[in-house]
Amino acid sequence: MLWGNRMNGLAVRVPMGAVLRIDVRTTAEGVTVAVATDQAPRPPKLTPRQTEVARLMVSTGLSIKEIAAELGISEGSVRTHSTAIYRALGVRSRPELVTKLRKLGVV
């Protein structure tokens, strides 16, 4: 136990899906904290249907209505899936979705 030392906190920003590794070592000089992440973030967990909707959104450029017709589901379901996809990937628009999925190698 270290006496008289106090850690004020540590804030680290990592890409979504990346693995964070923290190495804490105590030496005679004090405490050393090393933080590292994987270079390639892991793709987020999407359901099979979300993956299918995402691929149609990105690769075909179909509208919500067209995706619904293609999959035989309601437009509301496609909107629900797309909202969940956007949240899982941390994006806010279809162009951001395209960029993110290409970077992750999903499409």
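These numbers come from a predicted model, not from an experiment.

**Here's the deal with the overall build of the protein**
Link 1 in the chain: For the protein, the helix and strand inventory stands at four helices and two strands.
Link 2 in the chain: Counting over 107 residues, the protein shows a buried share of 23%.
Link 3 in the chain: Per element, the accessible surface of the protein, about 7,800 Å² overall, is 51% carbon and sulfur.

**Let's talk about the side chain of serine 82**
Link 1 in the chain: Inspection of the secondary structure puts serine 82 in helix α3 (residues 75-89).
Link 2 in the chain: Accessibility expressed as a relative area gives 10% for serine 82, which makes it buried.
Link 3 in the chain: From its side chain, serine 82 meets the backbone oxygen of arginine 79 in a polar contact 2.9 Å long.
Link 4 in the chain: Apart from the residues within four sequence positions on either side, serine 82 is in contact with Met57 and Ile64.

**Points about the packing of helix α1 (residues 48-60) against α3**
Link 1 in the chain: Two elements in contact, α1 and α3, have axes separated by 9 Å at closest approach and are oriented at 90 degrees. On the basis of the axis angle, α1 is roughly perpendicular to α3. Residues Arg49, Gln50, Val53, Ala54 and Met57 of α1 form the contact with α3, whose participating residues are Val78, His81, Ser82, Ala84, Ile85 and Tyr86.
Link 2 in the chain: Across the contact of α1 with α3, the residue classes tally to seven nonpolar, three polar and one charged.

**Quick word on the pattern of salt bridges**
Link 1 in the chain: Inspection of every chain in the model, using the stated rule, returns two salt bridges.
Link 2 in the chain: Note that glutamate 52 is salt-bridged to arginine 49, the shortest N-O span being 3.2 Å. In this pair, glutamate 52 and arginine 49 both sit in helix α1, three residues apart, roughly one turn of the helix.
Link 3 in the chain: Residue classification places glutamate 52 among the partly exposed residues on the basis of a relative accessible area of 37%.
Link 4 in the chain: The partner of arginine 79 in a salt bridge is glutamate 75, with the nearest N and O atoms 3.7 Å apart.

**Some remarks on the confidence of the model for the protein**
Link 1 in the chain: Averaged over all residues, the pLDDT of the protein is 79; the fraction at 70 or higher stands at 67%.
Link 2 in the chain: In the predicted structure, residues 1-6 sits below a pLDDT of 50 and forms two contacts with residues beyond four places in sequence or in another chain.

Criteria and thresholds
- Residues numbered from 1 in each chain as written.
- Predicted model: local features only at pLDDT ≥ 70, side-chain atom pairs only at ≥ 80, totals over all residues.
- Heavy atoms only, no water.
- Helix = DSSP H or I, 4+ residues; strand = E, 2+ residues; numbered from the N terminus.
- Buried < 20%, exposed > 50% of the residue type's maximum accessible area, 1.4 Å probe, protein only.
- Areas by Shrake-Rupley, 256 points an atom, 1.4 Å probe, with all protein chains shown as cover.
- Polar contact = N/O pair within 3.5 Å; in protein donor to acceptor, adjacent residues only side chain to side chain.
- Contact = heavy atoms within 4.5 Å.
- Axes fitted to C-alpha atoms, helices over the stretch in contact; angles between N-to-C directions.
- Parallel < 35°, antiparallel > 145°, perpendicular 65-115°, else oblique.
- Nonpolar A, V, L, I, M, F, W, Y, C, P; charged D, E, K, R; others polar.
- Salt bridge = Lys/Arg side-chain N within 4 Å of Asp/Glu carboxyl O.
- pLDDT = per-residue confidence, 0-100.

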